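Summary of the model geometry
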Amino acid sequence: MAVKDDKVEELARRRGFLWQAYEIYGGTAGFYDYGPLGARLKRQLEAEWRLFYSLEGFFEIESPTIAPVSVFKASGHLSCFSDLAVVCNKCDSFFRVDEELTAGGKCPECGGELVAAGELNLMFQTRIGVPKGRDGTRRGEGYLRPETAQGMFVNFQRLLRFNRSKLPFGVIQLGKAYRNEISPRQSLIRLREFTMAEVEVFVDPEAKNSHPNFDNVRDRRIWINPAEGEECETSVEDAVRNGTIANEYLGYHIAKVKEFLERIGIPSDRLRFRQHRKDEMAHYARDCWDAEFMSRRYGWMEIVGIADRGDYDLSAHAMHSKVDMGVPTQTRSKIIPHVIEPSYGLDRIIYALLESAFTEEQVGKETRKVLRFVPELAPVKAAVFPLLNRTELKQKAEEVFQSLKRELVYVDYDDSGSIGRRYRRQDEIGTPYCVTIDYQTLEDDTVTIRNRDTMAQQRVRIADLPAVILADIRKLHV
RNA sequence: GCGGCAAUAGUCUAGCGGUAGGACACGGGCUUCCCAAGCCUGUAACCCGGGUUCGAAUCCCGGUUGCCGCACCA
């Protein structure tokens, strides 16, 4: 609030998309509220995502957000998150303990002495049930999940049986995850509580190079930034064949991620796929590509991670739980499937959507601000106005409003101020269609539909209104 | 976490020790036959807690939040 805000974020706050959480108590960093329009935008994004992966034949589950410590001992999150931290007693610089940096060592910044600063744990810890046993021992140690993925791995046996013991199959999960970030910043980019949408594809490791639908994506063009070599545009097929992308499954899902992001309105010229270098890869990953969005405000930012997790998770849970995660095969002994995981950060995608939808243009002396959402995601699908503030027009407009609402649900009515002002209000929240009732309507039951992007109007019969608007919305779904 | 800077209506801001002002937005009314027009009118703010002072939005201290840099981002 202090510094002049970015226009997109100012609009998002003013019009009810995004608010700092717990504002009346001064706010809490890393937490955001979605206001009425933001929540609607997000719900619709989630619906599109479900639809997209359900069409792949994947099934959705919903696991708890709290898990006992044993899950994270197995997954590696506990040890990878619980490193000790040291702090310099001279300049207060803060470091994660490693071979070079230990308590008693020298600060690389100023040469001061490093002292232990406690545990650096990025997971929120909690207690499940009564925190102490009769003998005084602590128990019920639990954590808020830092990713939704573990819920799918720990249920692998159930899921496999559900799929009648066949590979491959895909499972999706959408929900909150929590990371106690040291310094959350940049609005929706680094939150402490955020929404993930994760896909786990379980595949026979020997089948990773023969995805049944690879033909559908082989010619897709993608911008890649590989760990070694130059950033370039390439086809999915070439990147897989020359080994830049490790296998067909990974290539296929990179292509699907791009398809989804384009569908929801992220322009492809602001998208690239960047490969992680060995030293930045997560503890579970063999290969990892980030879908990155070019933000005008923050530069390249990760919005989706597509990882080849190998058999890391299933093997780890098999070992810790002593439950067999193997899958019987016809010709070989049991195998542990590999996992290909596209993991979407939905809040970051909401930010990317807001930024890429936002445009300003000069109309006469005024600046017209428009959020050019794809109609599927627009939080208000249509608005109905009486041309003038006259009883007979208002009555008719109210009728049209009520009937349109039954079809489209998310419809606004507005009779305040001039017609131009009302168009602008709707432009600012991205409403794709504005329906205006004028005197001709009273004579022949036709209205004008005004298009958000072109500002052009067409006259249609009231009876045809829902069909005309729905047809336009569905056109985008081919 | 560290350092620097900042915090005034819904939004953007003026004021910088002595009655808190504007613009836009928003509500009500008038006007208006299609793109933020005009007129009248109304609502609305000094981040929180301490201190200094006769008096604090203003100065000092602490906290919170935000921005920038460093670190962190499994």
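Parameters and conventions
- Residues numbered from 1 in each chain as written.
- Chains lettered and ligands numbered in written order.
- Predicted model: local features only at pLDDT ≥ 70, side-chain atom pairs only at ≥ 80, totals over all residues.
- Heavy atoms only, no water.
- Pairing = 2+ DSSP bridges.
- Helix = DSSP H or I, 4+ residues; strand = E, 2+ residues; numbered from the N terminus.
- Near = heavy atom within 4 Å.
- Axes fitted to C-alpha atoms, helices over the stretch in contact; angles between N-to-C directions.
- Left-handed = near helix turned anticlockwise from the far one by under 90°.
- Contact = heavy atoms within 4.5 Å.
- Nonpolar A, V, L, I, M, F, W, Y, C, P; charged D, E, K, R; others polar.
- pLDDT = per-residue confidence, 0-100.
- Polar contact = N/O pair within 3.5 Å; in protein donor to acceptor, adjacent residues only side chain to side chain.
- Buried < 20%, exposed > 50% of the residue type's maximum accessible area, 1.4 Å probe, protein only.
- Right-handed = clockwise from strand over helix to strand, strands pointing away.
- Salt bridge = Lys/Arg side-chain N within 4 Å of Asp/Glu carboxyl O.
- 1 Å grid on protein atoms, 1.4 Å probe; cavity = no way out; pocket = protein on both sides within 12 Å on 5 of 7 lines; lining within 4 Å.
- Points joined across faces, edges and corners; volume = space filled by probe spheres on them.
- Core = buried A, V, L, I, M, F, W, Y, C linked by side-chain atoms within 4.5 Å.

**Topic: the sheet that holds strand 13 (residues 232-235)**
In a beta sheet, neighbouring strands pair by backbone hydrogen bonds and run either parallel or antiparallel. If you trace the 9 strands from one edge of the open sheet to the other, you get 3-10-11-17-16-15-14-12-13, paired in mixed fashion. Each edge of the sheet is formed by a strand with only one pairing partner; in this case those strands are strand 3 (59-60) and strand 13.

**Observations concerning the protein's contact with RNA strand B**
Taken together, 50 residues are adjacent to RNA strand B, and Arg179, Arg190, Tyr423, Arg425 and Met455 come closest. Taking the atoms of RNA strand B that fall within 4 Å of the protein, sugar and phosphate contribute 50% of them. Going through the elements one at a time, helix 1 (7-14), helix 4 (77-81), strand 6 (94-96), strand 19 (366-371), helix 13 (419-429) and strand 23 (446-451) are the ones with two or more residues in the surface near RNA strand B. Element by element, the count of residues in the surface near RNA strand B is highest for helix 13, at 7 residues.

**Here's the deal with the packing of helix 2 (residues 36-54) against helix 9 (residues 248-263)**
Packing of helix 2 against helix 9 leaves a shortest axis separation of 11 Å and a crossing angle of 145°. The hand of the helix 2/helix 9 crossing is right-handed. Note on element contacts: helix 9 touches helix 2 through Lys256, Val257, Glu259, Phe260 and Arg263, opposite Leu45, Glu48, Trp49, Phe52 and Tyr53. A breakdown of the residues in the contact of helix 2 with helix 9 according to their chemical character gives 6 nonpolar, no polar and 4 charged.

**What to know about the confidence of the model for chain A**
Taken over all residues, the pLDDT of chain A has a mean of 90, while the share at 70 or more is 90%. As a predicted assembly, this complex carries a pTM of 0.92 together with an ipTM value of 0.93.

**Thoughts on the side chain of Glu9**
Within the element layout of this structure, Glu9 appears in helix 1. Within the structure, the side chain of Glu9 is placed 3.1 Å from the side chain of Arg297, a separation counted as a polar contact.

**A closer look at the pairing of strand 20 (residues 382-386)**
Of all 5 residues making up strand 20, 5 are buried, and the element is well covered by its neighbours. A two-sided burial pattern is seen for strand 20, the buried positions comprising Ala382, Val384 and Pro386 on one face and Ala383 and Phe385 on the other. At this point the chain moves from strand 20, through helix 12 (residues 391-408), to the parallel strand 21 (residues 411-413), and the crossover so formed is right-handed. The sheet contact formed by strand 20 and strand 22 (residues 433-437) spans 5 bridges and is parallel. From the neighbouring strand, Val384 faces strand 22, where its bridge partner is Val435.

**What about the pattern of salt bridges?**
With the rule as written, the count across this model stands at 45 salt bridges. A salt bridge links Lys256 to Glu56; its shortest N-O distance comes to 3.3 Å. With a gap of 200 residues between them, Lys256 in helix 9 and Glu56 in the loop between helix 2 and strand 3 connect regions that are remote in the sequence. Lys256 gets classed as buried once you look at its relative accessible area, which sits at 10%. With a relative accessible area of 23%, Glu56 lands in the partly exposed category. Across the pair Glu302 and Arg348 runs a salt bridge whose closest N-O atoms are separated by 3.9 Å. In this pair, Glu302 is assigned in strand 16 (residues 299-310) and Arg348 in helix 11 (residues 346-357), connecting sequence segments 46 residues apart. Here Glu302 falls in the partly exposed class, since its relative accessible area comes to 32%. Classification of Arg348 as partly exposed rests on a relative accessible area of 22%. Beyond isolated ion pairs, a larger network of salt bridges with shared partners links Glu231, Arg272, Arg274, Arg277, Asp279, Glu280, Asp290 and Glu292.

**Remarks on empty space enclosed by the protein**
Inspection of every chain in the model, using the stated rule, returns 2 cavities of 30 Å³ or more. A volume near 40 Å³ is recorded for the second largest cavity. Surrounding the second largest cavity, Ile264, Gly265, Leu353, Ser356, Ala357, Arg372, Phe373 and Val374 form its lining. Class assignment of the residues belonging to the lining of the second largest cavity gives a composition of 5 nonpolar, 2 polar and 1 charged.

**Quick word on the nonpolar core**
Residues Phe17, Leu261, Tyr344, Ile349 and Leu354 are the most contacted members of the largest nonpolar core, which totals 71 residues. Ignoring anything within four residues of it in the chain, the contact list for Leu261 reads Ile266, Leu271, Ala291, Ile303, Val304, Tyr344 and Ile349. Grouped together as the second largest cluster of nonpolar side chains are 19 residues, Val400, Tyr433, Val460 and Ile473 included.

**Considerations on the environment of Trp289**
Following the sequence through the fold, Trp289 ends up in strand 15 (residues 287-295). Using a relative accessible area of 0% as the deciding quantity, one classes Trp289 as buried. Taking C-alpha positions, Trp289 is 4.3 Å from Gln275, a pair spaced 14 residues apart along the chain.

**Digging into unusual backbone geometry**
Pro168 follows Leu167 through a cis peptide bond whose omega is -5°. Structurally, Pro168 can be placed in the loop between helix 6 (156-162) and strand 10 (169-178). Of note, Gln186 is a non-glycine position whose phi angle comes to about 60°, a positive value. Looking at the secondary structure, you find Gln186 in the loop between strand 10 and strand 11 (193-203). Within the chain, Lys322 stands out as a residue other than glycine whose phi angle is a positive 60°.

**A few points about the pairing of strand 10**
Across the 10 residues that make up strand 10, a large majority, 9, are buried. Here 2 bridges tie strand 3 to strand 10, and the two strands are oriented parallel to one another. The residue of strand 10 that forms the bridge with Glu60 is Ile172. Taken together, the 10 bridges between strand 10 and strand 11 define a ladder with antiparallel strand orientation. Across the sheet, the residue bridging to Ile172 is Val199, located in strand 11.

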